[in-house]
Each structure stands twice: as structure tokens, then as C-alpha cells.
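Structure at a glance
Residues per chain, in single letters:
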Amino acid sequence: GQSPYILNGSLSYNDDNLGISSTVSVNRVGDRISIAGTIFDADIYEQARTVVDLQVAKFFLQKKLEVRLTARDLLAQPLRFYFDFDKSKNYSSFDRFFSSNIMPRTITLNAVYKF
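Because the structure is a prediction, the values reported are computed rather than measured.

**Some thoughts on the environment of alanine 57**
- Along the polypeptide, alanine 57 turns up in strand β5 (residues 49-60).
- In the structure, alanine 57 is positioned twelve residues away from leucine 69 in sequence and 6.3 Å away in space, judged by C-alpha atoms.
- Sequence-distant contacts of alanine 57, defined by excluding residues within four places in its chain, comprise Gly19, Ile20, Ser21, Glu66, Val67 and Arg68.

If you want it as C-alpha cells, here you go:
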């Protein structure tokens, strides 16, 4: 059930003088088996999708207050599963979708004060 490929990458920026840091990360996983079929049933695959996350932080008050914005799954691509009837290991016109879920974006804002 392993994915044929996994791609991970990130880019970070940090400026101690300004008290700013940020990171953007990108992850992509290829189609992979979610539920193994039998001799009579096709495998159910999870379709490839890309996830992009972003985090930005800023210090204030002589580094006593940190405000951090985090955004997860910015692309909000659907999570799709399909029957691989033609055994090609990726979605084709011969295959049929089993289920699909909308993956939500998550955005949080945190503030931490150190006494």
C-alpha cells in the first residue's frame, strides 16, 4: 500500500533583529492503497493530493510576547478514494470513486506572553 513517491519540502526565514520567523512547507503523496481488495474485489486507492502549510511568528515587547499565525492545508484539496478496477494504480476512466471528503483549511492565531 505504499505510495510510489513522497515529496516534502520547506522554506524558512528567520530574522532575529526584527523578531520575525516564517515557514512554508509542501507535502505530496502519490496514489496509495487504502483498502486491499480480494481476488473478486478491486483495491481501494487514496488519490494523490498536495498539502501546503504556512506559519508566521512575530515577537513583541522585548521577546516577551509572541504572536503566531498558522495555516494548515491551504489548498484544501479533497481526499478521494477510488476502486482501481483496471489495476493501473492511479485513477483512470475505468475506475470509480468510492468516497470523497472535503478537507478543511485550518487557521489559528496564538499569542504567548512570558513573564
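Additional details are given in the paragraphs that follow.
**Re the sheet that holds strand β4 (residues 44-46)**
- Taken in spatial order, the four strands line up as β3-β4-β7-β8 in an open sheet, and their pairing is antiparallel. One side of each edge strand has no neighbouring strand; the edge strands of this open sheet are β3 (32-35) and β8 (96-101). Taken pair by pair, the neighbouring strands of this sheet meet at an average axis angle of 35°, ignoring direction.
- Note: β4 against strand β7 (residues 79-83), three bridges, orientation antiparallel. What sits directly across from tyrosine 45, in β7, is tyrosine 82.

**Some remarks on the environment of asparagine 27**
- On the secondary structure map, asparagine 27 appears in strand β2 (residues 20-29).
- With 21 residues separating them along the chain, asparagine 27 and isoleucine 6 place their C-alpha atoms 7.4 Å apart.
- In this structure, asparagine 27 is in contact with Leu7, Asn8, Arg49, Thr50 and Val51, ignoring residues within four places of it in sequence.

Basis of the calculations
- Residues numbered from 1 in each chain as written.
- Predicted model: local features only at pLDDT ≥ 70, side-chain atom pairs only at ≥ 80, totals over all residues.
- Heavy atoms only, no water.
- Helix = DSSP H or I, 4+ residues; strand = E, 2+ residues; numbered from the N terminus.
- Contact = heavy atoms within 4.5 Å.
- Pairing = 2+ DSSP bridges.
- Axes fitted to C-alpha atoms, helices over the stretch in contact; angles between N-to-C directions.

Spatial relationships are all this shows, so hold off on functional conclusions.
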